[in-house]
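The primary structure of each chain is shown beneath.
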Amino acid sequence: MSDYLLEMKTIVKEFSGVKALDGIDLKVRPGEVVGLCGENGAGKSTLMKVLSAVHPHGTWSGEIIWEGQPLEARTIRRTERAGIVIVHQELMLVPELSVAENIFLGREVASRGGVLDYEAMNAKASRLMADLKMSHVNVALPVSHYSGGILQLIEIAKALGKNAKLLILDEPTSALSQSETRTLLDLVRGLKDRNIACVYISHKLEEIEAICDTVAVIRDGQFIGQAPMAALTVDKIIHMMVGRELKEKYPREPHAIGEVVFDVRHVTCHDPINPDKKKVDDVSFTVRAGEILGIAGLVGAGRTEMASALFGHYKGPHSVDIHLDGRRIEVKTPQDAVSHGICMVPEDRKRHGIVPLLGIGQNITLAVLPRFARFGLIDEAAEFSVIGHEIDAMSIKTASPLLAITSLSGGNQQKAVVAKMLLPKPRVLILDEPTRGVDVGAKYEIYKLIYGLAKDGIAIVMMSSELPEVLGISDRVLVIGDGEVRGDFVNDGTLTQEKILTAALTKRRQAA
Ligand SMILES: Nc1ncnc2c1ncn2[C@@H]1O[C@H](COP(=O)(O)OP(=O)(O)OP(=O)(O)O)[C@@H](O)[C@H]1O
Ligand SMILES: [Mg+2]
C-alpha cells in the first residue's frame, strides 16, 4: 500500500488548445497539509478542479491515484463520496437560501415523513459555525444578509459538514480578518488529529509557512517542485513561483497632496433586515487630491457598507452627505457616482465587479463605452486598442480579450475589474480590498498603479484588511470599528499594526 492518500501524476489540462496545466504532479499523505503556490494564472485552481472532477475525467490527461486506486471521477458527487471536498476560491452560496440551507444544500436533513427537518439542520449548522467561532451568525437568516469573511466561513462550515479525507481550501483567507484567519489556521492545524489532509492554496505565504508540512509550486502550468516546508523559506517559495528575486514590496514614492476633494459627512447605514441596528454610525472623513486614505478595521466593521453607500448601491436605509470639490452632490445610484467622477472597485467582484456573460475586453470598457461611440456605432478598433493597452498594463494573463471574463484566473479577474474602474479617469477612486487574491508580483503592479493615480491628483480611498498593505501604501489611515471612526492617523512611519488594532478595538462612545 502506498504512503500517499493522493498522487496526481503528469496532469495535463487544455482550454481551447492552450495548456493551463502541463504535466503537474502532486502528492499528499494522510493528515498532511500541502501548500499549493504559484502566481495568478499558474493553474492552482484548475489543478484542484481536475482533482474534484469539476473538470471531469476524460477532459484532462494524466492519472489520479486515490488511496492506492485510480480515480476516474466524472462528477463532484463522486469525488465527495470518496472524501475529496473543495472550498472554491469564488463563493458558491445561494444568496436567497438560509445559512443552514446552504450548508446542507444537496444533503438536506429530512424527518421520517420526508419533510425537511429545519430544527435539526439549524442546530447542526449552528454547531458547525460555532466551531469556527461564528456563533453570532443566525443560521436561519438568508445568506444575502451577510458579507465578506462570514460568507467565506459559511462555505468552510459547509465543507466541514461533509466527511472529508482531503479538504481543499482555495484562497480561504482572502476575505478574512486577522482573528478569523487565526481561527481558520488553528482549525487547519487541528485537521491532522482527525487524520484529514488539506491542500491549502494561498498568496499569503506567511500562512503557508505557518501551517504547511510540504509545499508544491507551479509556474505557468509547469510543475516546479514539491518539498518539505522545513527545507524552504518564504523567499525560496517566491523564487520558485516567479523565477526571480523580488526586492521591494511597496513602491512608495513621495507625491504632492493638494486641497480636499472628497468630503464625506455623517454616513449612517442601517441594517437592511434589522433597521434598528446601525452598520455604519455617523462616519465623516475627508480625502485630499493625491492623498491615499487607507481604511482599516476588522471584517464586519462596516467598511464595505460605507463604501457601497458612497457609491450609491447600499440596499438598506442610510443617509450620507457627500461634497466633491466643495459642492454638495447627490449620489443615489452607481451611475450618479460615476458621472460625478467617483469610481469604485468593489470587494465582491463576483456580485458587483464583473458581468460574467461578457468577454474580458467588454468588461474592461463597460464604464466608458460612450467614449467609443461614432455616429451611433462603437468604434471597435479604438475600443480594442484601449483594451489591449489595459491588458498589457495590468499584465492580465489571457489568450484573447474575446474570451469570457470567467475564463480568467481569480487574480486576473481582479486585475480586469481594477482596469475597468481606472478607465473613466476618476476624481475619487474607492478601492475595496483591491489586491484580494492577487499574487505578490501583481500586487506590486497594482500598488504602482495606485501611486500613479495619486500623483495625477486623484483622491484615493482604500479599504483593506491587510494591515501591512494599509501601512505600506497609505498617507493617512482611518480606523473603523463597529461602524464608528476609532482613529485617524497620519502614516508618518511611527504608525504600527498594534496601534491600528488597539484603536479598532477601543470604543469611543458608550452605547446609549
Ligand atoms: N474555463 C476556462 N476557460 C479557459 N481558460 C481557463 C479556464 N479556467 C482557467 N483557465 C486558464 O487557465 C489558467 C490557470 O488558471 P487558474 O484559475 O488555475 O489559475 P490560479 O493559479 O488559480 O490563479 P489565481 O491565483 O489568480 O487564482 C489561466 O491562464 C486561466 O485563464
Ligand atoms: Mg485560483
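Okay, so let's go over this structure. (Residues numbered from 1 in each chain as written. Chains lettered and ligands numbered in written order. Predicted model: local features only at pLDDT ≥ 70, side-chain atom pairs only at ≥ 80, totals over all residues. Heavy atoms only, no water.)

### Observations concerning the packing of aromatic side chains
Then, number 1: Counting across every chain of the model gives 2 aromatic pairs.
Then, number 2: Taken together, a centroid distance of 5.3 Å and an interplanar angle of 40 degrees make the contact between Tyr 250 and Tyr 447 tilted. Of this pair, Tyr 250 sits in the loop between helix H8 (234–242) and strand S11 (260–270) while Tyr 447 sits in helix H15 (residues 440–455), and the two are 197 residues apart along the sequence.
Then, number 3: A residue is classified by how much of its surface remains accessible, and Tyr 447, at 3% relative accessible area, is buried. (Phe/Tyr/Trp six-rings, centres within 6.5 Å; stacked < 30°, edge-to-face > 60°. Helix = DSSP H or I, 4+ residues; strand = E, 2+ residues; numbered from the N terminus. Buried < 20%, exposed > 50% of the residue type's maximum accessible area, 1.4 Å probe, protein only.)

### Things to note about the environment of Asn 274
Then, number 1: Mapped onto the elements, Asn 274 comes out in the loop between S11 and strand S12 (278–288).
Then, number 2: For Asn 274, a relative accessible area of 38% translates into the label partly exposed.
Then, number 3: Expressed as a C-alpha distance, the spacing of Asn 274 and Glu 206, which sit 68 residues apart in the sequence, is 38 Å.

### Looking at empty space enclosed by the protein
Then, number 1: With the rule as written, the count across this model stands at 3 cavities of 30 Å³ or more.
Then, number 2: Considering only enclosed or pocket space, the largest cavity measures out at about 80 Å³ in volume.
Then, number 3: Along the walls of the largest cavity sit 12 residues, with Gly 297, Leu 298, Ser 465, Leu 467 and Leu 501 positioned nearest its centre.
Then, number 4: The element contributing the most residues to the lining of the largest cavity is helix H17 (residues 497–505), with 3 residues.
Then, number 5: Taken together, the residues of the lining of the largest cavity sort by class into 8 nonpolar, 4 polar and no charged.
Then, number 6: By volume, the second largest cavity amounts to about 60 Å³.
Then, number 7: As for the second largest cavity, its lining consists of Glu 171, Ser 174, His 203, Lys 204, Thr 435, Arg 436, Gly 437, Val 438, Lys 443 and Glu 466.
Then, number 8: Residue composition of the lining of the second largest cavity, grouped by class: 1 nonpolar, 4 polar and 5 charged. (1 Å grid on protein atoms, 1.4 Å probe; cavity = no way out; pocket = protein on both sides within 12 Å on 5 of 7 lines; lining within 4 Å. Points joined across faces, edges and corners; volume = space filled by probe spheres on them. Nonpolar A, V, L, I, M, F, W, Y, C, P; charged D, E, K, R; others polar.)

### With respect to helix H14 (residues 410–422)
Then, number 1: If you check H14, its first and last C-alpha atoms are 19 Å apart, about what 13 residues at 1.5 Å a residue would give, namely 18 Å.
Then, number 2: Among the 13 residues of H14, 13 are classified as buried, and the element is accordingly described as predominantly covered. (Expected span 1.5 Å × (residues − 1).)

### As for the site of ligand 1
Then, number 1: Close contacts around ligand 1 come from 18 residues, with Gly 41, Lys 44, Thr 46, His 203 and Gly 411 the closest.
Then, number 2: Here Asn 40 contributes a side-chain N or O atom positioned 2.8 Å from an oxygen atom of ligand 1.
Then, number 3: One of the backbone N or O atoms of Ser 407 is found 2.9 Å from an oxygen atom in ligand 1.
Then, number 4: Here ligand 1 loses 84% of its free accessible area of 640 Å² to cover by the protein chains.
Then, number 5: Looking at the shell around ligand 1, the elements with two or more residues in it are helix H1 (44–51) and H14.
Then, number 6: A total of 3 residues in the shell around ligand 1 trace back to one element, the largest contributor, which is H1.
Then, number 7: Residues belonging to the shell around ligand 1 are distributed by class as follows: 4 nonpolar, 11 polar and 3 charged. (Near = heavy atom within 4 Å. Polar contact = N/O pair within 3.5 Å; in protein donor to acceptor, adjacent residues only side chain to side chain. Areas by Shrake-Rupley, 256 points an atom, 1.4 Å probe, with all protein chains shown as cover.)

### Things to note about the coordination of the magnesium ion (ligand 2)
Then, number 1: Donor atoms from the polypeptide that coordinate the magnesium ion (ligand 2) comprise Ser 45 (OG) and Gln 89 (OE1), at 2.0 to 2.2 Å from the metal. Linking Ser 45 in helix H1 with Gln 89 in the loop between strand S6 (84–87) and helix H3 (99–103), this pair joins segments that are 44 residues apart in sequence.
Then, number 2: Among the residues examined, Ser 45 registers a relative accessible area of 18% and is labelled buried.
Then, number 3: Judged by relative accessible area, Gln 89 falls into the buried class, the value being 18%. (Donors = N, O, S within 2.8 Å, 3.2 Å for Na, K, Ca; no water.)

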